[in-house]
Amino acid sequence: MAAPADYPPFQLGKPRFQQTSFYGRFRHFLDIIDPRTLFVTESRLKEAVQLLEDYKHGTLPPGVTNKELWEAQKIKQAIIHPDTNETIFMPFRMSGYIPFGTPIVVGLLLPNQTLASTVFWQWLNQSHNACVNYANRNATKPSPTSKFIQGYLGAVISAVSIAVGLNVLVQRANKFTPATRLLIQRFVPFPAVASANICNVVLMRHTELEEGIDVLDNNGNIVGSSRIAAKHALLETALTRVVLPMPILVLPPIIMSILEKTSLLRSRPRMILPVQSLVCLAAFGLALPLAISLFPQMSEIETSRLEPEIAMATTSKTVVYNKGL
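Basis of the calculations
- By convention here, each chain's residues receive numbers from 1 onward along its written sequence.
- Where totals are concerned, whole chains, interfaces and linings use all residues; where local detail is concerned, this predicted model gives features only for residues with pLDDT of at least 70, and gives and counts side-chain atom pairs only at 80 or more.
- Each side-chain value is derived from all of the structure's non-hydrogen atoms; neither hydrogens nor water enter the calculation.
- In these notes, a set of buried Ala, Val, Leu, Ile, Met, Phe, Trp, Tyr and Cys residues joined through side-chain atoms within 4.5 Å is what counts as a nonpolar core.
- For each residue, the accessible area found with a 1.4 Å probe, counting protein chains only, is set against the maximum for its type, and the residue is called buried under 20%, exposed over 50%, and partly exposed in between.
- Numbering of helices and strands starts at the N terminus; helices are DSSP runs of H or I of at least 4 residues and strands are runs of E of at least 2.
- Residues count as neighbours in contact if any of their non-hydrogen atoms are within 4.5 Å of one another.
- UniProt positions are given in the numbering used here, feature names are shortened, and annotations may be inferred rather than shown by experiment.
- Buriedness of a pocket was judged along seven lines, with at least five required to meet protein on both sides within 12 Å; pockets are open sets of points on a 1 Å grid over the protein atoms alone, cavities are sets where a 1.4 Å probe fits but cannot get out, and lining residues have an atom within 4 Å of a point.
- Grid points are joined across faces, edges and corners, and a volume is the space filled by probe spheres set on the points.
- Residues were grouped as follows: Ala, Val, Leu, Ile, Met, Phe, Trp, Tyr, Cys and Pro as nonpolar; Asp, Glu, Lys and Arg as charged; and all remaining residues, including Gly, as polar.
- Put simply, a patch holds well-exposed residues, over 30% relative accessible area, that have no salt bridge, with like charges counted together within 9 Å and Val, Leu, Ile, Met, Phe, Trp or Tyr side chains within 5 Å.
- Exposure was quantified through the Shrake-Rupley algorithm and a 1.4 Å probe, taking into account, for residues, occlusion by the shown protein chains and nothing else.
- We define a salt bridge as a contact between a side-chain nitrogen of Lys or Arg and a carboxyl oxygen of Asp or Glu at a distance within 4 Å.

**Section: the nonpolar core**
Moving on, step 1. Of all hydrophobic cores here, the largest spans 24 residues; its most connected members are Val105, Leu108, Ile248, Leu249, Phe284 and Leu288.
Moving on, step 2. Contributions of two or more residues to this core are made by helix 4 (97-108), helix 5 (115-135), helix 8 (189-211), helix 10 (245-259) and helix 12 (272-292).
Moving on, step 3. Once residues lying within four places of it in the same chain are set aside, the contact partners of Leu288 are Ile33, Tyr97, Ile98 and Leu244.
Moving on, step 4. Membership of the second largest hydrophobic core comes to 13 residues, among which are Tyr7, Leu45, Leu52 and Trp70.

**Structural notes on the UniProt feature "transmembrane region" (unreviewed entry) in the chain**
Moving on, step 1. In this numbering, the UniProt entry assigns the feature "transmembrane region" (unreviewed entry) to residues 151-170, 182-203, 242-259 and 271-295.
Moving on, step 2. Taken end to end, residues 182-203 is 91% helix and 0% strand, and its two terminal C-alpha atoms sit 33 Å from one another.
Moving on, step 3. Each end of residues 271-295 is marked by a C-alpha atom, and these two atoms are 38 Å apart; helix forms 84% of the span and strand 0%.

**Details of the environment of Gly101**
Moving on, step 1. Its location among the elements puts Gly101 in helix 4.
Moving on, step 2. Through-space distance from the C-alpha of Gly101 to that of Tyr321 is 29 Å; in sequence the pair is 220 residues apart.
Moving on, step 3. Aside from chain neighbours lying at most four places away, what touches Gly101 is Gly96, His128 and Phe284.

**Comments concerning unusual backbone geometry**
Moving on, step 1. Residue Asn85 is not a glycine yet carries a positive backbone phi of 60°.
Moving on, step 2. Structurally, Asn85 is set in the loop between helix 3 (66-79) and helix 4.
Moving on, step 3. With relative accessibility at 54%, the residue Asn85 sits in the exposed group.

**What to know about empty space enclosed by the protein**
Empty space left among the atoms is revealed by rolling a probe the size of a water molecule over them.
Moving on, step 1. Within the structure shown, the criterion is met by one cavity of 30 Å³ or more.
Moving on, step 2. If you add up the space inside the largest cavity, you get close to 140 Å³.
Moving on, step 3. Where the lining of the largest cavity is concerned, the elements lending two or more residues are helix 5, helix 6 (145-172) and helix 7 (178-186).
Moving on, step 4. Grouping the amino acids of the lining of the largest cavity by side-chain chemistry returns nine nonpolar, six polar and one charged.

**Brief notes about a nonpolar patch on the surface**
Moving on, step 1. Taken together, Phe22, Leu286, Leu290 and Leu294 make up a surface patch of nonpolar side chains, about 310 Å² in accessible area.
Moving on, step 2. The topology assignment puts Leu286 in helix 12.
Moving on, step 3. The exposure class assigned to Leu286 is partly exposed, which follows from its relative accessible area of 46%.

Following this line, the structure appears as structure tokens:
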């Protein structure tokens, strides 16, 4: 039986774990990316939605536990978009990010890439990211599709150009031995993907720097729109997007360069790809919740650090803002 601390009194729409600590955020995001929710049946989803509706209207059947309510909310949040109430296509759910993204990571890290394969895997990676971003977007305010297309094209162009450029530089470097050249080429995907992620964030959300984002007081009331808070939100998001691919695209090449020297893989070269796939899956599964747990979803900032009109509009010493994902 689960400890009461694991299933506190249910709060509709609130996280099950404390968001003030890194560990609490880590456990919260482990719930969000749990791939088991991909196998939830249509009937189980309807049951979960109905249970939450009963709770909302105060008509819960007797005997329903906090654990059942938290599990129902986890299922609904994993499958249904909170703003549109539409079912999110399975490969683009946050819970599908690791299972559907791992084959792409394996492709990015394949040794001896040709120009065509480099372009293909970088394009596929950014296309998958763009679809996940769009499927999980904030749909409370209408946003032109052109903004997403702009972010997508910018990410693809930057990723492909950096990956191709670095590969060409490495191949032309006469100082390196073939083995060293191959090892360096394995690390090329990281700067390409990290720079593309930053490019995507800036192009998709640059209007926030001009218009500002809403900041809220302790009671959840909107105090105003702050450009300074928008700058903090974009910086935190960009940093998260740089940290995320680091373990995924840096650790597997290091681990594989060691494993490939073992007698097991030397005598069985066909096992290299399956082993690399498992290493990538483990790195992805660890990196995603760690990266997105770095900063709280609702970040806090002192009003004295914001625009004077914001500071004058509230008596709260601090306000919060949604940093985005």
